[in-house]
Every structure is written in structure tokens, then in C-alpha cells.
Amino acid sequence: MNKLNSILKSLSSLRLTVVLLALSMVLILAGTLAQTEQGVWMVVERYFRSLYVAIPFQLFVPTKIVRIPGVFPFPGGLTLGVLLFVNLLAAHAVRFTLSWKRAGMIATHAGVLLLLVGEFVTGAFAKEGNMTIAEGESANYIEDTRSCELAVIDTSDPGDDLVVVVPARMLGQAGGDAITNGMLPFSVRVVEWMPNSRMLGPMQASKGQLAKATAGVGTQVAAAPVAVATGVDGADIDIPAAYVELKRGDASLGTYLVTPRINVPQTVDVGGKRYEIALRFERGYRPYTVKLIDFKHDRFVGTETARNFSSLVRLTDPSERVDREVLISMNNPLRYAGETFYQASFAPDDSGTVLQVVRNPGWLLPYVSCALVALGLLVHFGSRLISSVRRKVS
Amino acid sequence: MKNLPRWFPAIVLICVVAFVVSIFARGIGAGDLGGGSSGAMPLEGLARIPVSAGGRTKPLDTYARNELLRMSGKQTYEGDGGSRPAIEWLLELWTKPEAAAERRVFRIDHPDVRSLLALTDATRTRFSWSEIAPKLEEIFRQAQLASEISRKKQDPFQKQITDLYGKLSEYVQVQNLREPYTVAPLAAGEEWAPLLGTDPHAKPLDTESALALRGILASYALGDAADCTRRVAEYHAVLDAKLPSAGAASAFEVVMSRCEPFYNASILYLVAFLLGCVAMLVSPMSPDRWKPSLLRSALVLIAVAFAIQTFGLASRIYLQGRPPVTNLYSSAVFIGWACVPLALVGEWFSRIGVLSMAASLIGFATLVVAHNLSASGDTMEMMQAVLDSNFWLATHVVVVTIGYSATYLAGFIAVFYVVGGVFTKLLRGEAMKALPKMVYGVICFAAFASFVGTVLGGIWADQSWGRFWGWDPKENGAALIVVWNLLILHARWGGMIRDRGVAALAIAGNIVTSWSWFGTNMLGVGLHSYGFMDSAVFALVTFCLVQLALVACALVPTARWRSLAAAS
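Residues numbered from 1 in each chain as written. Chains lettered and ligands numbered in written order. Predicted model: local features only at pLDDT ≥ 70, side-chain atom pairs only at ≥ 80, totals over all residues.

## Quick look at the overall build of chain B
Here comes step 1: Helices and strands together make up the secondary structure of chain B, namely 23 helices and 6 strands.
Here comes step 2: Seen through its principal axes, chain B has C-alpha atoms that stretch 85 × 60 × 55 Å.
Here comes step 3: Going through the 568 residues of chain B one by one, you find that 49% of them count as buried.
Here comes step 4: Considering only contacts in chain B between residues 6 or more positions apart, those separated by 24 or more positions represent 70%. (Helix = DSSP H or I, 4+ residues; strand = E, 2+ residues; numbered from the N terminus. Buried ≥ 20, exposed ≤ 12 C-beta atoms within 10 Å, placed from the backbone. Contact = placed C-beta atoms within 7 Å.)

See the structure below:
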């Protein structure tokens, strides 16, 4: 029992709190600086939702001044968060007394605990995706813009498409080896993989670039690699591209350029059957359908600055007997089936909308947390302020 | 030493009031539209003509000031017979372009750009259109070359040549009346439009507003002051009848820019700070006589400066119809504004004068920072839809900025404590005890405001795009301030640090706050890619080094503190 008490005591120490807070600051600083070279999602996974992270020394010194190789290990956000959580719980377990004088602090710390839980729930369970819909079209799937898949679609059944997908992760790691699978009608060899890319039109691309593909759209346009989007750019979407050679046995069916930027179907004929191939953002299908009726984008007069944008959509879900029109605009999201649809962006020529679709079971926690902390601190500091004002006045 | 007269603060008050009255008198100044009888052009009436630029309706005066500021770095120019207001330059550009081409309005600093343009006069940094024009093709070529490099990888030469090219194109746009949108929507179905479109063969606009404006410019070009005055007055009458809101706001904005509330407030803050310094310096000679009187005078100045700054902030809120913090510029103004009352509450507690000195210094410093941030043009620019008014956003920016303010205030009080304590014998007895208490109290408040403000920002983000926290640089910056304040408080509660330690950490808090406020913005322009060339980066690094030196001072053992030695 004594042992347990002494463990609790050391876990509850304020020294530990201060050390953890200091470590958190180093982690947050490193995680911010890392975003000058990496995308925000990569950093979140590596720094803030990990058990530990290897931080390069170079982050803290501009390369112009001196080059420093090497990394140092550091506790990740998950470790620090759990330790702070335990530290806080232990502190209240050891020193718990329910009195008005401590009520403020208890409420504040309960709020902080909730905030930590909220971030954990978000990291573990929240799902974010995009729904891109052109005017007049519908969508019944959500795209995860952080990961791609190579889809091979058998369209021979007029009722249903049969889709086999290869995750982009496998394409990136394949090197020169062919990817084979019993469900694929052909093997896929990755000739070139670009984690982020830009398109070169027929006039921009060189002959050599156009010669990389032997079939499909890639004979007219080309893709070139660009640096991955970084957190400080504010852009968090990488659009990969790949040149893939399709083979049946030893016979080549041609080298194709695939990228989400190509939105016309590219077909391959194999053994009398026609397949479509596409590199596209990973899709999660939904039982409901969203049809874009009208997209509006107002600008301030004489500028390109968006004043407002909104999407008028028709939401249908036969199984739930839902069929209604909804106007989604900035700060006025649609909440449906545990998901929330935000007006996020739009197609370049205003011909379509991009909705951000979020499912986060913990979305309410920060609201409760904020209220608890604000109230708790007001009570705690407020009562002290009042007593010192009283002293001052008397 | 003789006592200062009791009425000294009253004299100060009278002087300050006279100063304020003179400012507003200058602002309202030639409030009538006239001037024609004396043969002068009706500049006042012309200045008030509303136009639309950057999506905002503003007086022609503001547009001219912003354009000139962007091109030359100043709101005035060297005209015939000395410094002239921007509106005259704009009108000259429209009516006598060949004369305007001789005005030195393009600021070029980079030596390589100057030598490229064969601008050999090393004594000045501003050059005229006709000096630059022979090299337009070369500028275009260089700008094309630079445009293939992303902005953050460009070297200073490429940046300046790109900027210069942008300014020259804009100059042409303005000269050809494609910018700003001057033609007002006076009838149903009309929108703000430029007087000349991009198509030279198109039929010129013949709306009521376009015709009136053409008449005004024609009479201005002919130098017919009487006719111009009449036409301007007529146009204002039409505007008042058909577009009353724009007219009133426009007139008010002209007055406001001429009053320069933030500039004048910064002067008063500076004078108050100097008075405080004098009070501190004379206090060993006559603690009970000069000091209280001088401090009271400083308080009067701070109060008036605060009132003027409040007027400026309120005017911006009225003109924009938005919360007071919309961009980096307004955040600087607001941080100073929020610090002052906080510090005055502290002054009420401690009554040792240091807090009002901190208030005046922060008030002054933040307004200087704001002034340096305003060079990019209109400080009331329109915002992207996502930043549009929203309850959570409005409360977030206000509360979190107050949190930044309080963190700075704690840091600055700690600076006074450390510098005064270590190097001088001025802080005796009660001051040495009161100051650390103030630092602690302000940190408590800062922790509260920065935490709540940051979480409110998360709630806004959740409302707008469903992501409470995204770990992006700006959010992380705010989080750092919160955690830093919490760290100081917990270290003190745990007995790990006392007065001196709190002061040292509070000073380091200045670095944390500055990093979050500016540093995260600088990441975007690539701190890693081209070194310390930007003057803002240089200023930030210098500031941080000074703070580090002050932290080192705080670590001097208490036995060596002169104030403590003097007390014992």
C-alpha cells in the first residue's frame, strides 16, 4: 500500500508536470519547423500521434548557417499526452479534497483531461474526406485525399462494376517488381512513381516525356514530379502520378500514365474483356447520394477574393426515406448520418464544389472542455483577485 | 529640491487636450467642399469621392495613400514646392500623366536592381517612371525569369524585381483608369466599374457617375478650379441622395486618416514613457515630491493616448463592420490597446509607476510594429469568406490577442524588474516585492486568456471545416504560448522557481510570444531557404537575442542586485 502511495506521489509531482510541459513545447516547436519540408499530415502522424519520434538536429538551424546531420530520439505526442493525463489524474488522486477553494482547479483540470481525451479520440476515430461533385452530377462516395489507389474496373456487367484496387503504398514500394494478384487480370510494374506531380500539356511536355507512355492519355500529356506539399504552404494535398506497365505473362499491354488529374476513362483490352484503369483517391462508398444542383461563388467586386460560396444539393437516402434539398455554405455545414459536410473548396472554373466530409465521434468534447476550463479558471483566479482587491481597498 | 507645483499634471492635461483638439481640427479641417473661390482645387471634396478597390468601398484619398505607400513607402511625395499629399499625385497621374512621370514614386533599394536599371544616383532611393521606363523590357525579362522560381525560393534581387514589375504594371493600370473602380452604382442593376475598360474600342460608360467623373477630371486637367469645385459639389449631392452610406463612411475615413490616431497615440505613449523615466531617475533625490507628480502626468498622457487609440480602433470597426483583429497589422494595434488597461489595473494595485511605464512602452512599441506592417497597402482589406464574420472567430481573435498582450505585459514588467533591480538602486522595498507579484498575476490572466482564446479558435475551425485542431503552424504557435504560461505557473506552485525564476521565464515568454505572432508567418517565406535577409526576420532575431541577454541578467545572484543591496 505504501509502495502504491509512493508511486502515486512521484507520478503526481509538479516537477513531472513541468518537465512534461517543457518536453511538449520542444515537440510542438519541432513539429512546426518540420512543416517547412513535410506535409502537415505526415508531421501529425510522426510527431503528434506517435509514441516516439526521431527529430533531425537540422530543423533548428537554417542550412545556410551550418549543416548538421543526425537525429535525436524524443517522446512523441501520444507518450507525452498519456503521461500528462496520468500525472494530472494522480495529482488529484493524491491531493483530492472537495472544497470550494479547489473547485475551480478541479473543473479546470477536468476540462484539460477532456481536451486530451478529445484529441486522442480524434486521432483514433475521426475520418476526413472530400466529396467532389460537378454541377448536375451526384456522388455516393467520399475520397480520402491523403491516400490513393490504382483501380482496375471490370465494366462488362452493365448493372455493377467489379473493382480491384491496389493501394498507392504498394505502388510506391514496388520498385521495379511487378505486382501480381489472382484478382488482377494483368500484372502491374511501376516504371516511375511520383508522390506529388504536375501535369504537362501537349505543348509543354518534351518528346522524351511523352514517350514514357505507350498507350492511353499519357501519349498526349505527361506528368513531372514536384516536391511534396508542406504544412507551411497551407496546401495539404499531394497529387501523385505513376507510369505503370501492364503485362499479361510476358506480353506487354502498354505503359500508361495514371494520376487523379486524368478524369477520362483509360481502357485496356485483355482476353476479349475491357477494363478501365485509374489512379484515384481512395473511396469510401455511402448509402446516401449527394447531387449538386447549383454552386454559387461570389467575389468582392473587382477582385478574386471569395466573398461567399455555397452549394445547393439534393440529399437522397432511400433506406432512410430521405430526399431533400439542402444549402451548404461557409460556416453552415450539413450534419447527416454522423457525418458533417462543410463547404471547403470548388472546382477551378466554379463548375463544381468540394465538400469536406468529417466523421468525428469526439467533436463535442472540446466544447465541454472549453466551458469547464473557462469557468474553472474564472472561479479560481477570480476568487483570488477579489480577495486581493478587498485587501487593497481595506 | 523644490517641490513640483501641484498643478503640474493639470498643465500636462491642458497641453494634451490642446494637442488632441488640434489633431481633430486638422482632421475635420477644410470640411467644406469648397476652395474654389480662392482659386485652389477642391481637394477636400475630391478626396472624399468614394471608389471601390480590393472589394472595399473607400475614399479616393485612402486609395491614393495606399497606392503611394505601396510604391514609394510613404503617403506623401515630393511635388512642386515640397511634400504634397497622395491625392494630388493620383489626380496628376490621371490628368497630366507626363508631369506625373517625373515624380519620384518608385522605391528601389537593391543595388543590383539599381545598376541593372542604370540608376546611378546613390543619394536617393526613389525614382520616377521616366527614369525607369527605358529599361521596361529588361525588367519584364527579369521578372519572367524570376517567376519561374517559387516566391519563397527567390533571392532578394528576384523578389525586388518581381515587386517592381508588379508596381509598374499597377501604375499603368491606375494611369489608364482601370483601377480603382471609380464609377459608382447609382442606379439599380449597376455595379462598381472602372472608368475605362480593358477594351479600348468599347463604348465609354455613360452612367450618371461616369459622366460626372469625366467632367470633374476634365475641369481638373484644365485647371478650372471654380468649375471643378461646382462639379465635385454636384457629384457629392448626387452621391448623398443615391448612395448615402458610401458617402458618409467615405467622409469619415478621410477625417480619420488625416487625424492619424495611431501615430499620435504612439507619440503620447512615448512622451509618457519618458516622463516615467524622469520620475524614476529623480526619485532618489526627492522621492515624495517630483515623482508622484510626474507619474500622475504620465498617467494622464497614457489615458489620453488610450482614448485616441480606442477612437482609432472603433473607427476601424465601424468602417469594416468586423471585429477589431483582422490581420497582422490590426493584431499589433490591438495587442498594445489591450495591454494598457491591464497594466493600469496593475498600477492601481502596486502604485510604483513601473506598470504605467510598461503600459506606455508596449503601447508605443506595438504601434511602431503596426506602422511597419502597414506598408503593404490597405490595412482594412477584405477577407476570404472563411474568415468572414462569425461569432466564434470574433471571440477567438479578440480573446487570444488579449492573451498575447498579457503574456507580453508580464514579460515587460519582468524586464523592468530585472533591469531596475540588477542595475539600479531605484527599486527599493515595496517595489521589489510588488513587481514579481504583478508578473505572477498577469501570467495567471495570460494563461486564462490564451487558453480560452486558443480553444475558441479550435471551435471556430470545427464550425468552419470540422477540424478542431490541425497542428498547423499558427495553431501550434498559440499552443506554445498556452503551455509556456502553464509551465511558469506550475513551476511556481511546485516551488521550483520564485520571484527571480518567474521573472526570467516571463522574459523568455516574450520570445515565445514573438515567435508565435511573427515567426510562424515567416516560416511561410522560408526561413530555411534563404537565410536572414528579410528585415523582419532580422528584427525578430535581434529582439529574441536581447530577451536572452535579459534572462541572463535575471540569473545574476540576488546578492549582486543593486536594488537589493541598497535596501539592506
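Back to the text.
## Some details on the overall build of chain A
Here comes step 1: Broken down by element type, chain A carries 8 helices and 18 strands.
Here comes step 2: The C-alpha atoms of chain A give 27 Å as radius of gyration, which overshoots the globular expectation for 394 residues (21 Å, by more than 25%).
Here comes step 3: Relative to its 394 residues, chain A shows a buried fraction of 29%. (Rg over C-alpha atoms; globule rule 2.2 N^0.38 Å.)

## Details of the nonpolar core
Residue and element names in this part refer to chain B.
Here comes step 1: The biggest cluster of nonpolar side chains holds 156 residues, and the ones touching the most others in it are Leu301, Ala358, Leu409, Ile413, Val439, Val442 and Ile507.
Here comes step 2: Among the elements that take part in this core, helix 18 (residues 430-465) stands out by supplying 21 residues, more than any other.
Here comes step 3: Not counting the four nearest positions on each side in its chain, Val442 is found in contact with Leu342, Gly346, Ala406, Leu409, Ala410 and Ile413.
Here comes step 4: Core analysis: the next-biggest nonpolar cluster, separate from the first, contains 47 residues, Leu60, Leu68, Ile108 and Val183 among them. (Core = buried A, V, L, I, M, F, W, Y, C linked by C-beta atoms within 7 Å.)

## What about the domain arrangement of chain A?
Think of interface size as the accessible area that goes away when the parts come together; that is how it is often given.
Residue and element names in this part refer to chain A.
Here comes step 1: With domains assigned, chain A is organised as domain 1 (2-125 + 365-393), domain 2 (127-134 + 285-359) and domain 3 (147-284).
Here comes step 2: A separation of 44 Å is found between the C-alpha centroids of domain 1 and domain 3.
Here comes step 3: Counting residues at the interface gives 8 residues for domain 1 and 7 residues for domain 3.
Here comes step 4: Counted by class, the side of domain 1 that touches domain 3 contains 3 nonpolar, 4 polar and 1 charged residues. (Domains from an automatic or database assignment. Nonpolar A, V, L, I, M, F, W, Y, C, P; charged D, E, K, R; others polar.)

## Examining the confidence of the model for chain B
In low-pLDDT regions, the fine details of the predicted coordinates are not to be read closely.
Here comes step 1: Residue-level pLDDT values for chain B average 85, and 92% of them are 70 or greater.
Here comes step 2: Note that pLDDT drops below 50 for residues 31-37 of chain B; the model gives that stretch 19 contacts with residues more than four away or on any other chain. (pLDDT = per-residue confidence, 0-100.)

## As for the interface of chain A and chain B
Here comes step 1: Across the boundary between the two partners, chain A contributes 53 residues, which contact 52 residues of chain B.
Here comes step 2: Those elements giving two or more residues to the side of chain A that touches chain B turn out to be helix 2 (14-33), helix 3 (40-48), helix 5 (100-125), strand 14 (306-317), strand 17 (339-346), strand 18 (352-359) and helix 8 (365-393) of chain A.
Here comes step 3: The leading source of residues in the side of chain A that touches chain B is helix 2 of chain A, at 12 residues.
Here comes step 4: Residue classes in the side of chain A that touches chain B are distributed as 30 nonpolar, 18 polar and 5 charged.

## What about the pairing of strand 2 (residues 71-75) of chain A?
Residues and elements named next belong to chain A.
Here comes step 1: Of all 5 residues that make up strand 2, 0 are buried, and the element is exposed over most of its length.
Here comes step 2: When strand 1 (residues 52-56) meets strand 2, the two strands line up antiparallel, connected through 5 bridges. If you follow Ala54 over to strand 2, its bridge partner there is Pro73. (Pairing = 2+ DSSP bridges.)

## Focus on the packing of helix 2 of chain A against helix 4 (residues 77-95) of chain A
All names here are of chain A.
Here comes step 1: Viewed as axis vectors pointing N to C, helix 2 and helix 4 meet at an angle of 155°, and their least axial separation amounts to 10 Å. When the interaxial angle is binned, helix 2 and helix 4 end up roughly antiparallel. Like other packed secondary-structure pairs, helix 2 and helix 4 cross with a definite hand, here left-handed. For the pair formed by helix 2 and helix 4, the contact residues are Leu16, Thr17, Leu20, Leu23, Ser24 and Leu27 on the first element and Gly77, Leu80, Leu83, Leu84 and Asn87 on the second. (Axes fitted to C-alpha atoms, helices over the stretch in contact; angles between N-to-C directions. Parallel < 35°, antiparallel > 145°, perpendicular 65-115°, else oblique. Left-handed = near helix turned anticlockwise from the far one by under 90°.)

## Some thoughts on the sheet that holds strand 6 (residues 178-179) of chain A
Residue and element names in this part refer to chain A.
Here comes step 1: Sheet architecture is open: 4 strands sit in the order 6-7-10-11, paired in antiparallel fashion. At either margin of the open sheet sits one strand with a lone partner, and together these are strand 6 and strand 11 (251-258).
Here comes step 2: Examined bridge by bridge, strand 6 and strand 7 (residues 187-194) share 2 bridges and lie antiparallel to one another. When the bridges of strand 7 are listed, Ala178 appears paired with Arg189.

## Observations concerning the pairing of strand 4 (residues 138-154) of chain A
Residues and elements named next belong to chain A.
Here comes step 1: One ladder, built from 13 bridges, connects strand 4 with strand 13 (residues 273-299); its direction is antiparallel. Its bridge partner being in strand 13, Ser138 is matched across the sheet by Lys291.
Here comes step 2: By the bridge criterion, 6 bridges tie strand 4 to strand 5 (residues 162-167) in an arrangement that is antiparallel. If you follow Glu149 over to strand 5, its bridge partner there is Pro167.

## Observations regarding the environment of Asn308 of chain A
Here comes step 1: Within the element layout of this structure, Asn308 of chain A appears in strand 14.
Here comes step 2: The spacing of Asn308 of chain A and Lys296 of chain A is 12 residues in sequence and 8.0 Å in space, taken between C-alpha atoms.

## With respect to the packing of helix 10 (residues 208-222) of chain B against helix 11 (residues 225-242) of chain B
Residues and elements named next belong to chain B.
Here comes step 1: Running from N to C, helix 10 and helix 11 point in directions that differ by 160°, and their axes come no closer than 8 Å. Considering their axes alone, helix 10 and helix 11 lie roughly antiparallel with respect to each other. Of the two possible hands of crossing, helix 10 and helix 11 adopt the one that is left-handed. For the pair helix 10 and helix 11, the contacting residues are Glu208, Ala212, Gly215, Ile216, Ser219 and Tyr220 in the first and Asp227, Cys228, Arg231, Val232, Glu234, Tyr235 and Val238 in the second.
Here comes step 2: Within the contact of helix 10 with helix 11, the residues separate by chemical class into 7 nonpolar, 2 polar and 4 charged.

## Observations regarding the environment of Leu51 of chain A
Residues and elements named next belong to chain A.
Here comes step 1: Topologically, Leu51 is positioned in the loop between helix 3 and strand 1.
Here comes step 2: Judged by the 11 C-beta atoms lying within 10 Å of it, Leu51 is exposed.
Here comes step 3: Sequence separation of Leu51 and Pro202 is 151 residues, and the distance between their C-alpha atoms is 48 Å.

## Topic: helix 11 of chain B
Residue and element names in this part refer to chain B.
Here comes step 1: Taking 1.5 Å per residue as the helical rise, helix 11 with its 18 residues ought to reach 26 Å, and the 26 Å between its terminal C-alpha atoms agrees with that figure.
Here comes step 2: Of all the residues in helix 11, the buried ones are Cys228, Thr229, Arg231, Val232, Tyr235, His236 and Leu239. Looking down the long axis of helix 11, one finds its buried residues gathered within 165° of arc, a one-sided arrangement. Summarising the geometry of helix 11, the exposed residues directed more than 90 degrees from the buried face are Ala226, Ala237 and Ala241. (Expected span 1.5 Å × (residues − 1). Arc of directions from axis to C-beta.)

## A word on the domain arrangement of chain B
Here comes step 1: By the assigned domains, chain B splits into domain 1 (36-244) and domain 2 (390-567).
Here comes step 2: For domain 1 of chain B and domain 2 of chain B, the distance between their C-alpha centroids amounts to 42 Å.

## What to know about unusual backbone geometry
Comment: phi is negative for the bulk of residues other than glycine, and the bulk of peptide bonds are trans.
Here comes step 1: Note that the residue after Glu179 of chain B, namely Pro180 of chain B, is joined by a cis bond; omega there is -10°.
Here comes step 2: Mapped onto the elements, Pro180 of chain B comes out in the loop between helix 9 (156-175) and helix 10.
Here comes step 3: Phi at Arg321 of chain A takes a positive value of approximately 55°, unusual for a residue other than glycine.
Here comes step 4: Secondary-structure assignment places Arg321 of chain A in the loop between strand 14 and strand 15 (322-329).
Here comes step 5: Unusually for a residue other than glycine, Glu260 of chain B sits at a positive phi of about 45°.

## A few points about the environment of Glu88 of chain B
Residue and element names in this part refer to chain B.
Here comes step 1: Relative to the helices and strands, Glu88 is located in helix 4 (residues 86-95).
Here comes step 2: A C-alpha to C-alpha distance of 9.8 Å links Glu88 and Met41, two positions 47 residues apart in sequence.
Here comes step 3: Apart from residues no more than four positions distant in its own chain, Glu88 is found in contact with Leu43 and Gly79.

## Examining helix 5 of chain A
Residue and element names in this part refer to chain A.
Here comes step 1: Counted at 1.5 Å a residue, the expected span for helix 5 with its 26 residues is 38 Å, and the 37 Å between its end C-alpha atoms agrees.
Here comes step 2: Every buried residue of helix 5 is listed here: Ala107, Thr108, Gly111, Leu114, Leu115, Gly118, Glu119 and Thr122.
Here comes step 3: Check the buried side of helix 5 and you find it contacts helix 4 and helix 8.

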